[in-house]
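Observations on the model geometry
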Amino acid sequence: RRARPAPISPGERGEIRVVFDPSRRHGVQVKKIQVYTDDPVNPMKSLVARGYVRALAYLEPHMVNFGDVQKGGTLSKVVYVMGAKEDFAITETHSSAPDLLGAEIIGSAPVDKDGVEMQRWTIRVDLLGAERSGRFSEQIELVTNDPRRPSLDLNVLLRVPSDLKLGWPMVRVGGLTLGDSIEEEILLGHVEGEPFTIESVESESKNLDLTFEWFAPEKPEDPHRILIRGKAVKGGGAIQDRIVITTNLEDEEPVTVAFRGRVADPNAQNKSATRAEPVRGTDDVVLRRPE
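Throughout what follows, the structure given in this document is the object of discussion. (Residues numbered from 1 in each chain as written. Predicted model: local features only at pLDDT ≥ 70, side-chain atom pairs only at ≥ 80, totals over all residues. Heavy atoms only, no water.)

Looking now at the pattern of salt bridges. Per the counting criterion, the structure on display carries twelve salt bridges. A salt bridge links Lys113 to Glu60; the nearest nitrogen and oxygen atoms lie 3.3 Å apart. Taken as a pair, Lys113 in strand E7 (residues 101-113) and Glu60 in strand E3 (residues 57-60) lie far apart in primary sequence, 53 residues in all. Accessibility expressed as a relative area gives 25% for Glu60, which makes it partly exposed. (Salt bridge = Lys/Arg side-chain N within 4 Å of Asp/Glu carboxyl O. Helix = DSSP H or I, 4+ residues; strand = E, 2+ residues; numbered from the N terminus. Buried < 20%, exposed > 50% of the residue type's maximum accessible area, 1.4 Å probe, protein only.)

This next bit is on the sheet that holds strand E10 (residues 151-160). Strand pairing in a sheet relies on backbone hydrogen bonds. The paired strands run either parallel or antiparallel. With respect to topology, four strands assemble into an open sheet ordered E4-E10-E9-E6, the strand pairing being mixed. Edge strands, defined here as strands with exactly one partner in the open sheet, are strand E4 (63-68) and strand E6 (90-95). Strand-to-strand twist in this sheet, taken as the mean axis angle between neighbours without regard to direction, amounts to 15 degrees. Pairing between strand E9 (residues 134-144) and E10: ten bridges, direction antiparallel. Bridging across to E10, Val143 finds its partner in Ser151. (Pairing = 2+ DSSP bridges. Axes fitted to C-alpha atoms, helices over the stretch in contact; angles between N-to-C directions.)

Attention now goes to the packing of aromatic side chains. Under the defined criterion, the tally for this structure stands at zero aromatic pairs. Between Arg120 and the ring centre of Tyr80, over which it is positioned, the NZ or CZ distance is 4.6 Å. (Phe/Tyr/Trp six-rings, centres within 6.5 Å; stacked < 30°, edge-to-face > 60°. Lys NZ or Arg CZ within 6 Å of the ring centre and 35° of its normal.)

Another aspect to go through is the pairing of strand E17 (residues 237-247). For a regular strand, side chains alternate in direction, first toward one face of the sheet and then toward the other. Sheet topology note: the strand E14 (residues 198-203)/E17 ladder contains five bridges and is antiparallel. When the bridges of E17 are listed, Ser200 appears paired with Thr246. Pairing between E17 and strand E18 (residues 255-263): nine bridges, direction antiparallel. In the strand pairing of E18, Gly237 is matched with Val263.

Now for a nonpolar patch on the surface. A contiguous nonpolar surface patch, about 350 Å² in accessible area, is contributed by Val28, Val30, Val48 and Tyr52. Residue assignment for the nonpolar patch shows that the elements contributing at least two residues are strand E1 (27-36) and strand E2 (44-53). Within the fold, Val48 resides in strand E2. (Patch = residues over 30% accessible without salt bridge, like charges linked within 9 Å, V, L, I, M, F, W, Y side chains within 5 Å. Areas by Shrake-Rupley, 256 points an atom, 1.4 Å probe, with all protein chains shown as cover.)

To continue, consider the environment of Glu221. Here Glu221 is to be found in the loop between strand E15 (208-215) and strand E16 (224-232). The exposure class assigned to Glu221 is exposed, which follows from its relative accessible area of 53%. As for Glu221 and Glu194, which are separated by 27 residues in sequence, their C-alpha atoms are 7.0 Å apart.

Turning our eyes to something else, we now look at the pairing of strand E13 (residues 181-190). Of the strand pairs in this sheet, strand E11 (residues 164-166) and E13 are connected by three bridges, and their pairing is antiparallel. Residue pairing for E13: Leu166 is matched across the bridge by Leu188. Relative to E16, E13 runs antiparallel, the two sharing eight bridges. Paired with Glu185 across the strands is Leu227, a residue of E16.

The biggest cluster of nonpolar side chains holds 26 residues, and the ones touching the most others in it are Phe66, Val81, Leu100, Val125, Leu154, Val156 and Leu158. Counting residues per element, the ones that place at least two in this core are E3, E4, strand E5 (75-83), strand E8 (116-127), E9 and E10. Per-element accounting of this core gives the leading share, five residues, to E10. Those residues in contact with Val81 that sit more than four places away from it in its chain are Tyr58, Leu59, Phe88, Ile90, Gln119, Arg120, Trp121, Ile123, Leu142 and Leu152. (Core = buried A, V, L, I, M, F, W, Y, C linked by side-chain atoms within 4.5 Å. Contact = heavy atoms within 4.5 Å.)

Keep in mind these numbers describe shape, not what the thing actually does.
Written out as structure tokens, the structure is:
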């Protein structure tokens, strides 16, 4: 339990202890601190703490985001590694997905960062070509010669859009009550008209008991039809489910369809239904104002 601070009389001084965590920070730091008092005239006072964090090593930028890339596409981006050690060096690189990402050490040069002499190493990050659709979050480990900071992890993000396209990415069933039935349809096609088959359709719905049936098109360029039938079996909450469609295309991740709606709480309905207006009996006395 935090002790109640002692009051500060006029002319006296007090102390405020401020703790700053320099982890994952570097360079000039400016932090504002709000102090609240019971002074009726000036109840709040702003304090400013300034300082400089001299990091042993850090990345510029701290992350690489390739964004949306096409299947098989190749790209490169440059990052810099700053090191405070006089002979700081990047000695090795290791990729968490060597078939997808690579890194090459280009070289180094001394630089002045906010009045501090540092070594800046240039690293080229190469996207080698993604063969499968999906979102990727990988890491490249950069090994240094500084035992105080032996390695840095560079996060790399990218997304490969799917060639499978939904007619509508979300199914909305609106408000339901227990026992209500639903019937919805999903359309799924290929942007280039390539033939494929649907292998499974699954859902982990807690409010609805769902069944699925799908139909292949007569022409490859036409979409597949997925028929959804179900019944509301549990009330009292929002439907925030996902329907996952798996195909036979090995370079495609499963397609996810959002399923939204709400099933009314049966307890709330029962309470509303049992509320009755007071009924005046034959023996009730009615008071009237005299004429």
